[in-house]
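This is what each chain is made of:
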Amino acid sequence: MDPEIAVLAGTAGTTLVTVLTTEAWQRARDGIAALWRRAEPDRAEAIAAELDVTRRDLLAAQGGGDLESRTELGSEWQGRIRRLLAAHPEEAEMVRRLLDDLGSYTPGGSIVTQHASASNHARVYQAGRDQSFGRR
């Protein structure tokens, strides 16, 4: 699989789950349903219903102080989106547009996507925000 598609799917799954508990949840739901409607029309309604269930699960977990559910549900949606993009790579641009649209509803108002490769004993240091190094 194209590494860029995997990164895009990861970002999309995380962003989707993040906005499902905000005022933008309906916009996210409609965007994902439209994506499936274009690529796999017979599954679009089921995907929309699954997003509703995910939202209910997230709200219940959030109310109960369960922090792990967000990560688990994000991973589930990352996988669904990755599989969709693997079968329909032409939909990657629609996912990017949806992420741009939803970016203003995420904490900090933006989405950070990182990808790095290291070889031959190289090190890669990445941070979504602050990063500091102590002296050894």
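Anything mentioned here points back to the structure above.
As the structure is a computational prediction, the values presented were derived from the model and not from experiment.

A. Layout of the overall build of the protein. Check the secondary structure of the protein and you find 5 helices and 0 strands. Helices (α) and strands (β) of the protein occur, in sequence order from the N terminus, as α-α-α-α-α. Counting all 136 residues of the protein, 36% fall into the buried class. Within the protein, residue pairs in contact and separated by at least 24 positions form 67% of the contacts whose partners lie at least 6 positions apart. Element-wise, carbon and sulfur atoms account for 47% of the exposed surface of the protein, whose accessible area totals about 8400 Å².

B. Structural view of the pattern of salt bridges. With the rule as written, the count across this model stands at 9 salt bridges. The partner of glutamate 45 in a salt bridge is arginine 37, and the shortest N-O contact between them spans 3.6 Å. Under the relative-accessibility criterion, glutamate 45 is labelled exposed at 56%. Note that arginine 38 is salt-bridged to glutamate 91, the shortest N-O span being 2.8 Å. Placement of arginine 38 in helix H2 (residues 25-39) and of glutamate 91 in the loop between helix H4 (68-87) and helix H5 (92-102) is noted, with a sequence separation of 53 residues between them. Relative accessible area serves as the criterion here: at 5%, glutamate 91 is assigned to the buried category. Overlapping salt bridges bring together Glu4, Glu93 and Arg96 as one network.

C. How the structure looks around the packing of aromatic side chains. Tallied over the full model, the rule gives 0 aromatic pairs. Positioned above the aromatic ring of tryptophan 77 is the side chain of arginine 80, whose terminal nitrogen or guanidinium carbon lies 4.3 Å from the ring centre.

D. Examining helix H1 (residues 3-19) more closely. The end-to-end C-alpha distance of H1, which contains 17 residues, comes to 24 Å, matching closely the 24 Å that a straight helix rising 1.5 Å per residue would cover. Restricting attention to buried positions, one finds in H1 the residues Ile5, Leu8, Ala9, Gly10, Thr11, Ala12, Gly13, Thr15, Leu16, Val17 and Val19. Of the surrounding secondary structure, the elements contacted by the buried residues of H1 are H2, helix H3 (44-63), H4 and H5. For H1, the capping residue at the N-terminal end is aspartate 2, with a side-chain oxygen 3.1 Å from the backbone nitrogen of glutamate 4.

E. Focus on the packing of H3 against H4. Remark: H3 packs on H4, axes separated minimally by 10 Å, with the N-to-C direction vectors making an angle of 165°. Considering the angle they form, H3 stands roughly antiparallel to H4. Two packed elements cross with a definite hand, and for H3 against H4 that hand is left-handed. Contacts between H3 and H4 involve Ile47, Glu50, Leu51, Thr54, Asp57, Leu58, Ala61 and Gln62 on the former and, on the latter, Ser69, Arg70, Leu73, Trp77 and Arg80.

F. Region of interest: the nonpolar core. Within the largest apolar cluster, 28 residues are counted, with the highest numbers of intra-cluster contacts made by Ile32, Trp36 and Leu85. Mapped onto this core, the elements with two or more residues apiece are H1, H2, H3, H4 and H5. Among the elements that line this core, the one with the most residues is H1, at 7 residues. Setting aside residues no more than four positions away along its own chain, tryptophan 36 makes contact with Pro41, Arg43, Ala44, Ile47, Arg80, Ile81 and Leu84.

Analysis parameters
- Residues numbered from 1 in each chain as written.
- Predicted model: local features only at pLDDT ≥ 70, side-chain atom pairs only at ≥ 80, totals over all residues.
- Heavy atoms only, no water.
- Helix = DSSP H or I, 4+ residues; strand = E, 2+ residues; numbered from the N terminus.
- Buried < 20%, exposed > 50% of the residue type's maximum accessible area, 1.4 Å probe, protein only.
- Contact = heavy atoms within 4.5 Å.
- Areas by Shrake-Rupley, 256 points an atom, 1.4 Å probe, with all protein chains shown as cover.
- Salt bridge = Lys/Arg side-chain N within 4 Å of Asp/Glu carboxyl O.
- Phe/Tyr/Trp six-rings, centres within 6.5 Å; stacked < 30°, edge-to-face > 60°.
- Lys NZ or Arg CZ within 6 Å of the ring centre and 35° of its normal.
- Expected span 1.5 Å × (residues − 1).
- Polar contact = N/O pair within 3.5 Å; in protein donor to acceptor, adjacent residues only side chain to side chain.
- Axes fitted to C-alpha atoms, helices over the stretch in contact; angles between N-to-C directions.
- Parallel < 35°, antiparallel > 145°, perpendicular 65-115°, else oblique.
- Left-handed = near helix turned anticlockwise from the far one by under 90°.
- Core = buried A, V, L, I, M, F, W, Y, C linked by side-chain atoms within 4.5 Å.

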